[in-house]
Amino acid sequence: MVKDMTSGSPARLILAFSIPLLIGNIFQQLYSMVDTIIVGRFLGVPALAAVGSTGSLSFLVLGFVMGITSGFSVLAAQRFGAGDERGLRHFVAMSVYLGLIISIVLTVLTICLTKPMLRLMNTPEDIFYDAAIYIIIIFAGILPTMFYNLLAGVLRALGDSKTPLYFLIISSVLNIVLDLFFIVTLKLGVAGAAYATVISQAVSAVLCFIYIRKKFPILKFQREELPFRFASACQLMRVGIPMALQFSITAIGTMILQGAINSLGSTVVGAYTAACKAEQLATQPMVTFGATMASYTGQNLGAGRMDRIRKGVRSCILISCIFCMLGSLLVVFGGGFLVSLFITGDQPEVMNYAREYLNIIAIFFIPLGLIFIYRNTLQGMGDGFMPMMAGVAELVMRAFVAFYLAGKLGYLAICLAGPIAWVGADIPLMFAYYIKMGHIRKLEKEKGITYIEK
């Protein structure tokens, strides 16, 4: 069911839209955590380190996929907000064509380049083989990942954040069952975890497609809306590519940092992997509010309601700060328990490394939350350049830590890398947002524009 976010209380709309999305994101993190728990407990810390060592490489590619599909959905949200149903359907069709082409190209490139990239990242020899097997299987599943994110993005662009949640819950349960079957019963090792992830993602994509076909009359295509048009493809790519590059540039910085982490040995890699899983769970509200603001901003921009965008950002910042403080408390007081889920036996060294990381990053959750709000708001307005430059700022900061601070501060530098990068990214994002809004407000005053709430 579609949801118009161009009228009504911004705070209530943001919360109502975010709650199903947040539950879905938490489910996604929980099944990712269960995936990691099963690997760590049934296959051991080296296998956990192998899976964890591929995280930044996975984010480089899958982050590109998530970014470009988010960009495509921005145009869908804008057309929906403007009441242009033909334009909405045409852009959805064009997004499908482009998604197919990009998926094929990415799959071939990533499978060919995986091992050289793992070597470049200093992946320890004792985990290299498992890391390569795991990530190659994940990359072989780029197509279903692309189409799940694309279709879920279309649903969210129409204001429906509940349906993707239902399919994600089904996918999460399936992922856990397949993890146990492939790893415990069939003894497939880390490959089993990868197979489970790809299959469950494919199921989510198929369910989204079937649901859209049956339940959304607004997306029943007419013949004239289906032909491939180069101009429309360029318009989608102009929004999608900067958003995709923003994810990938951030991932390159993470990969550089991962190389520094890998050089500290598999024990540190395992501890960092477990700690990052706890961090990802605690920071899901921030990710959720960012995704909400992209759809909210896109719809209101299409409707010409810049006043509602300003109100929405203010409301979202307040809500996000509250959740950031709760997330900080979670990782400080509950982080040790979360980390213990991923390891077997008494491993104090692993636990100490993980706790040190969590205690440091917890202080900086509010700057992280601001990144998602400002970045996604700018993207919802069609500005992909400054979010991409914020990704460049994160890359520079993480590279500085990896190449300079890590040699001086060791593991402490690894713990500070994220917070330093977050603060560095906030500066260009906040600058761009307030400059843009100041310019728009000036034009509104010059033209005597006033807004009447529906």
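Described in the following lines is the structure provided in the data block. Every value quoted in this text rests on a predicted model; they were computed, and no experiment measured them.

Some thoughts on the overall build of the protein chain
A tally of helices and strands in the protein chain yields 16 helices and 0 strands. At 22 Å, the protein chain has a C-alpha radius of gyration in line with the 22 Å of a compact globule built from 454 residues. The principal-axis extents of the C-alpha atoms in the protein chain amount to approximately 65 × 45 × 35 Å. Each of the 454 residues in the protein chain was classed as buried or not, and the buried ones make up 60%. Pairs at least 24 residues apart make up 85% of the contacts formed inside the protein chain by residues separated by at least 6 positions. Positive and negative side-chain charges of the protein chain, numbering 34 and 22 respectively, have mean locations separated by a distance of 8 Å.

Here we look at the side chain of Thr283
Assignment of secondary structure puts Thr283 in the loop between α10 (266-282) and α11 (284-302). Sequence-distant contacts of Thr283, defined by excluding residues within four places in its chain, comprise Phe365 and Leu368.

Details of the packing of aromatic side chains
Throughout the structure, instances matching the rule amount to 12 aromatic pairs. Arranged with centres 5.4 Å apart and planes meeting at 65 degrees, the rings of Phe289 and Phe323 form a pair that is edge-to-face. Separated by 34 residues along the polypeptide, Phe289 in helix α11 and Phe323 in helix α12 (residues 306-340) bring together distant segments of the chain. With a relative accessible area of 2%, Phe289 lands in the buried category. Note on Tyr353 and Tyr411: the rings are 4.8 Å apart at their centroids and 70 degrees apart in plane angle, and the pair reads as edge-to-face.

Structural notes on helix α5 (residues 125-140)
Over its 16 residues, α5 runs 23 Å from end to end, which matches the ideal 22 Å to within 8%, given 1.5 Å per residue. Approximately 25 degrees is the largest bend angle found in α5, and it occurs at Ala131.

Focus on the nonpolar core
One finds Leu219 and Tyr357 to be the most contacted residues of the largest nonpolar core, which totals 138 residues. For this core, the element with the highest residue contribution is helix α3 (residues 55-81), accounting for 13 residues. When sequence neighbours within four positions are dropped, the list of residues in contact with Tyr357 reads Tyr272, Ala275, Cys276, Glu279, Tyr411, Ile414 and Cys415.

Points about a positive patch on the surface
On the surface, Arg213, Lys214, Lys215 and Lys220 cluster together into a patch of positive charge. Among the structural elements, Arg213 can be located in helix α8 (residues 190-215). You can call Arg213 exposed: its relative accessible area is 57%.

Overview of the pattern of salt bridges
Per the stated rule, a full pass over the model turns up 6 salt bridges. Asp84 is paired through a salt bridge with Arg79; the nearest N and O atoms lie 3.3 Å apart. Using a relative accessible area of 29% as the deciding quantity, one classes Asp84 as partly exposed. The partner of Glu85 in a salt bridge is Arg89, with the nearest N and O atoms 3.8 Å apart. With Glu85 and Arg89 both in helix α4 (residues 85-120) and 4 residues apart, the pair spans about one turn of that helix.

A few points about the environment of Phe72
Position of Phe72 among the secondary structure elements: in helix α3. Its relative accessible area of 2% is what places Phe72 among the buried residues. A C-alpha to C-alpha distance of 9.0 Å links Phe72 and Met94, two positions 22 residues apart in sequence. With residues up to four places along the chain from it excluded, the contact list for Phe72 reads Ser95, Leu98, Ile102, Leu150, Leu236, Met237 and Gly240.

Here we look at α11
The end-to-end C-alpha separation of α11 is 28 Å, in line with the 27 Å expected for 19 residues at 1.5 Å each. For α11, the tally of buried residues reaches 15 of 19 residues, placing the bulk of the element in the interior.

Structural notes on the packing of α10 against α11
Where α10 meets α11, the axes come as close as 4 Å, and the angle between the chain directions of the two elements is 45 degrees. Classified by the interaxial angle, the pair formed by α10 and α11 is oblique. Every residue of α11 that contacts α10 at Gln280, Leu281 and Ala282 is listed here: Gln284, Pro285 and Met286. Tallied by class, the residues present in the contact of α10 with α11 amount to 4 nonpolar, 2 polar and no charged.

Some points on unusual backbone geometry
Located in the positive-phi region is Lys187, a residue other than glycine, with phi close to 60 degrees. Residue placement: Lys187 occurs in the loop between α7 (163-185) and α8. Residue Lys187 is classed as exposed on the basis of its relative accessible area, which comes to 65%.

Regarding the side chain of Ser18
Counting through the fold element by element, Ser18 comes out in helix α1 (residues 10-43). Its relative accessible area of 2% is what places Ser18 among the buried residues. A distance of 2.8 Å separates a polar atom in the side chain of Ser18 from a polar atom in the side chain of Thr292. Leaving out residues up to four positions away in the same chain, Ser18 has contacts with Thr288, Phe289 and Thr292.

Digging into a nonpolar patch on the surface
A grouping of Val96, Tyr97, Ile101, Val105, Leu109, Leu113, Phe221, Leu226, Phe228 and Phe230 is seen on the molecular surface, where their side chains present a nonpolar patch of about 890 Å² in accessible area. By secondary structure assignment, the location of Phe228 is in the loop between α8 and α9 (230-262).

Rules used throughout
Residues numbered from 1 in each chain as written. Predicted model: local features only at pLDDT ≥ 70, side-chain atom pairs only at ≥ 80, totals over all residues. Heavy atoms only, no water. Helix = DSSP H or I, 4+ residues; strand = E, 2+ residues; numbered from the N terminus. Rg over C-alpha atoms; globule rule 2.2 N^0.38 Å. Buried < 20%, exposed > 50% of the residue type's maximum accessible area, 1.4 Å probe, protein only. Contact = heavy atoms within 4.5 Å. Lys, Arg positive; Asp, Glu negative; His and termini not counted. Charge placed at Lys NZ, Arg CZ, Asp CG, Glu CD. Phe/Tyr/Trp six-rings, centres within 6.5 Å; stacked < 30°, edge-to-face > 60°. Expected span 1.5 Å × (residues − 1). Bend = angle between axes of the 7 residues up to and from the residue. Core = buried A, V, L, I, M, F, W, Y, C linked by side-chain atoms within 4.5 Å. Patch = residues over 30% accessible without salt bridge, like charges linked within 9 Å, V, L, I, M, F, W, Y side chains within 5 Å. Areas by Shrake-Rupley, 256 points an atom, 1.4 Å probe, with all protein chains shown as cover. Salt bridge = Lys/Arg side-chain N within 4 Å of Asp/Glu carboxyl O. Axes fitted to C-alpha atoms, helices over the stretch in contact; angles between N-to-C directions. Parallel < 35°, antiparallel > 145°, perpendicular 65-115°, else oblique. Nonpolar A, V, L, I, M, F, W, Y, C, P; charged D, E, K, R; others polar. Polar contact = N/O pair within 3.5 Å; in protein donor to acceptor, adjacent residues only side chain to side chain.

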